[in-house]
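# Examination of the molecular architecture
The chain contents come next:
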Amino acid sequence: MDTEDLDVLYSSSKWSTRMSADEIVDDHIQKGQDATKQAKLIYRNEANVPYKDEICNMDIFQPDDVTPDAPIFIFTHGGLWQAPLKDDGGHFVLSLVKHGIITVSLTYTVAPKGTLRQMVEEVEEAIVFIAKRFPHSRGIFVGGHSAGGHLAAMMLTVDWTKHGLPQDLIKGALLVSGLFDVCPIVHTYVNDELKITEEEAKKLSPNTHIKETCQLSSHCPIIVVVGEEDSPAFKKQSWEYGQQLKDGGLAVKVMEVKGHDHFHVLHDFAKDDYEPTKKLIKMINGQDK
């Protein structure tokens, strides 16, 4: 497949039928900002908490009646590893905190300043930071959208014992329209800023680490969500990665959401009646193994 075709396949904004490519990106950014603004008015929060430096920071939202053992959901944003879209986590805050779930939205050093390896390591650092800040939580759950889905999936390959933490630290994962094979990205416009080699892309692709994931995260239920109207490349990667994990013995649920594209498949997590939201809450509450 030539570069032009790959560019189209991995340009999720070009596949939406709701708006033009430029309009839908603007709408996506605005919806994230609006959700976070609303969340900050409703819930107790700490903004821009550094876990490494000023760039690598997080927003932490807690219910007023939070308990020491409250579960934690940590969201990692997308943006093709190039846009700091931390506000996207606001969608989850609106639906999760009311259920007693501490909700964290983090950002990391995006390209071109940050390398993909650096981003993976920074998300790992963020999880360690939260685990040590909330040592009595009954469970950390990770999630991510698009490029953030890639980063969240890489967390399932981590040996947490090297940080003095239990290997079952992460109790579950939500991967929304993620990228699990980075290799095609090497040949797209995305790599103009990312500057990753084919060898690096393979090493940093979750689908290269199926064996490690199934060994290190064997206890972990995983929900993979993708929109029916997303790019064929994103849909294919979600279904294939989910099946690979299933074949490895993990408890995986793949959900293709009817009528949803790459963007509002994420936005609707703010809604209580959204089926993926309900699945996520059940997983966090230990009701959906």
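Attention in this report is confined to the structure presented alongside it. (Residues numbered from 1 in each chain as written. Predicted model: local features only at pLDDT ≥ 70, side-chain atom pairs only at ≥ 80, totals over all residues. Heavy atoms only, no water.)

### Some remarks on the layout of surface pockets
The volume enclosed by the largest pocket comes to roughly 290 Å³. Taken together, 19 residues make up the lining of the largest pocket; nearest its centre are Ser 12, Val 25, Gly 79, Leu 80 and Phe 263. Ranked by residues supplied to the lining of the largest pocket, first place goes to helix H2 (residues 21-42) with 3 residues. Its residues placed into classes, the lining of the largest pocket shows 9 nonpolar, 9 polar and 1 charged. Of the pockets and cavities examined, the second largest pocket occupies roughly 220 Å³. Every residue lining the second largest pocket is counted, 13 residues in all, and those nearest its centre are Tyr 10, Asp 181, Lys 236, Gln 237 and Glu 240. Among the secondary structure elements, those contributing two or more residues to the lining of the second largest pocket are helix H1 (3-9) and helix H9 (232-247). Per-element accounting of the lining of the second largest pocket gives the leading share, 6 residues, to H9. Considering only residue class, the lining of the second largest pocket consists of 7 nonpolar, 3 polar and 3 charged. (1 Å grid on protein atoms, 1.4 Å probe; cavity = no way out; pocket = protein on both sides within 12 Å on 5 of 7 lines; lining within 4 Å. Points joined across faces, edges and corners; volume = space filled by probe spheres on them. Helix = DSSP H or I, 4+ residues; strand = E, 2+ residues; numbered from the N terminus. Nonpolar A, V, L, I, M, F, W, Y, C, P; charged D, E, K, R; others polar.)

### A short note on the sheet that holds strand S4 (residues 102-106)
Strand order in the open sheet formed by 8 strands is S1-S2-S4-S3-S5-S6-S7-S8, with mixed pairing between adjacent strands. This sheet does not close on itself; its edge strands, each paired only once, are strand S1 (44-50) and strand S8 (252-257). When the angles between neighbouring strand axes are averaged without regard to direction, this sheet yields 15 degrees. Examined bridge by bridge, strand S3 (residues 72-76) and S4 share 5 bridges and lie parallel to one another. Bridge assignment links Ile 74 to a residue of S4, and that residue is Val 104. (Pairing = 2+ DSSP bridges. Axes fitted to C-alpha atoms, helices over the stretch in contact; angles between N-to-C directions.)

### Details of a negative patch on the surface
Together, Asp 53, Glu 54, Glu 121 and Glu 125 make up a region of like negative charge exposed at the surface. Along the chain, Glu 121 falls in helix H4 (residues 116-133). (Patch = residues over 30% accessible without salt bridge, like charges linked within 9 Å, V, L, I, M, F, W, Y side chains within 5 Å. Areas by Shrake-Rupley, 256 points an atom, 1.4 Å probe, with all protein chains shown as cover. Salt bridge = Lys/Arg side-chain N within 4 Å of Asp/Glu carboxyl O. Lys, Arg positive; Asp, Glu negative; His and termini not counted. Charge placed at Lys NZ, Arg CZ, Asp CG, Glu CD.)

### Digging into H4
An ideal rise of 1.5 Å per residue puts 26 Å on 18 residues; H4 measures up with 26 Å between its terminal C-alpha atoms. Every buried residue of H4 is listed here: Leu 116, Met 119, Val 120, Glu 122, Val 123, Glu 124, Ala 126, Ile 127, Val 128, Ile 130 and Ala 131. (Expected span 1.5 Å × (residues − 1). Buried < 20%, exposed > 50% of the residue type's maximum accessible area, 1.4 Å probe, protein only.)

### Topic: H2
A rise of 1.5 Å per residue sets the reference length of H2, with its 22 residues, at 32 Å; its end C-alpha atoms lie 32 Å apart and thus fit the reference within 8%. Within the sequence span of H2, burial applies to Ile 24, Asp 27, His 28, Gly 32, Ala 35, Thr 36 and Ala 39. Take H2 and look down its axis: the buried residues cluster within an arc of 160 degrees, on one side only. Opposite the packed face of H2, turned more than 90 degrees from it, sit the exposed residues Asp 22, Asp 26, Lys 37 and Leu 41. Buried residues along H2 sit in contact with strand S2 (57-62), helix H3 (90-96), strand S5 (140-145) and helix H10 (264-267). (Arc of directions from axis to C-beta. Contact = heavy atoms within 4.5 Å.)

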